[in-house]
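# Coordinate analysis (summary)
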Amino acid sequence: MAFLLFCSPLSPSLQEWELVVLGKLKWNLAAVTPHDFIEHILRKVPLPKDKLLLIRKHAQTFIALCATDFNFAMYPPSMIATGSVGAAICGLQLDDGDSLTDLLAKITNTDVDCLKACQEQIEAVLVNSLQQVRQQQQQSNPSKTVDELDQASTPTDVRDINL
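Residues numbered from 1 in each chain as written. Predicted model: local features only at pLDDT ≥ 70, side-chain atom pairs only at ≥ 80, totals over all residues. Heavy atoms only, no water.

## Some details on helix α4 (residues 52-66)
For α4, built from 15 residues, the straight-helix expectation of 21 Å at 1.5 Å per residue is met to within 8% by its first-to-last C-alpha distance of 21 Å. Residues Leu52, Ile55, Arg56, His58, Ala59, Thr61, Phe62, Ile63, Leu65 and Cys66 constitute the buried set of α4. Next to the buried residues of α4 lie α3 (35-44), α5 (77-91) and α7 (112-140). (Helix = DSSP H or I, 4+ residues; strand = E, 2+ residues; numbered from the N terminus. Expected span 1.5 Å × (residues − 1). Buried < 20%, exposed > 50% of the residue type's maximum accessible area, 1.4 Å probe, protein only. Contact = heavy atoms within 4.5 Å.)

## A closer look at the environment of Gln119
Note on placement: Gln119 falls in helix α7. Sequence spacing of Gln119 and Gly83 is 36 residues, and the spatial spacing of their C-alpha atoms is 4.4 Å. Excluding its chain neighbours within four sequence positions, the residues that come into contact with Gln119 are Gly83, Gly86, Ala87, Cys90 and Thr101. Within the structure, the side chain of Gln119 is placed 3.4 Å from the backbone oxygen of Gly86, a separation counted as a polar contact. (Polar contact = N/O pair within 3.5 Å; in protein donor to acceptor, adjacent residues only side chain to side chain.)

## Focus on unusual backbone geometry
Located in the positive-phi region is Gln93, a residue other than glycine, with phi close to 55°. Within the secondary structure layout, Gln93 lies in the loop between α5 and α6 (98-108). A relative accessible area of 69% means that Gln93 is categorised as exposed. Despite not being glycine, Asn109 has its phi angle at roughly 55°, a positive value.

## Structural notes on the packing of α3 against α5
The angle between the axes and the distance between the axes are what describe a pair of packed helices. As a packed pair, α3 and α5 sit with axes 9 Å apart at the nearest point and diverge in direction by 50°. In this view, α3 runs oblique relative to α5, as classed from their interaxial angle. Of the two possible hands of crossing, α3 and α5 adopt the one that is right-handed. In this structure, α3 uses Phe37, Ile41 and Leu42 to contact α5, whose residues at the interface are Pro77, Ser78, Ala81, Thr82 and Val85. Taken together, the residues of the contact of α3 with α5 sort by class into six nonpolar, two polar and no charged. (Axes fitted to C-alpha atoms, helices over the stretch in contact; angles between N-to-C directions. Parallel < 35°, antiparallel > 145°, perpendicular 65-115°, else oblique. Left-handed = near helix turned anticlockwise from the far one by under 90°. Nonpolar A, V, L, I, M, F, W, Y, C, P; charged D, E, K, R; others polar.)

Structure below.
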């Protein structure tokens, strides 16, 4: 009889019941993600305006790569976003050394050493991903030379990432 109650056209939908339960439990499902921080960070970093779109695209790719690696599960979203922006800027060779890391740490109020460690892990994930893609390409098409396979050297150039 209870099954008929939920299926009748007059009863609330399953989604409405889920919302009632979540409300009673006081669960907040509005999650903050690393993507929410990118714009805030990019506005505060002095960068050439013509490079912002490329940096944003690289940072978003780094964030997607981080989502596939369990090592980033314990980092707060702000740290992943900051490390991704730093890795994007360094990868595009638009940085001027440690001053970028110091500025990024100041923007997000994070420890410089933790930020450096996070950025290094992000760069390592990229290297591993690129190596996997190269190995797959070599196995599927052994006639290509190593130079032809090396063309994908930045995160947005990677063609076959399995996320």
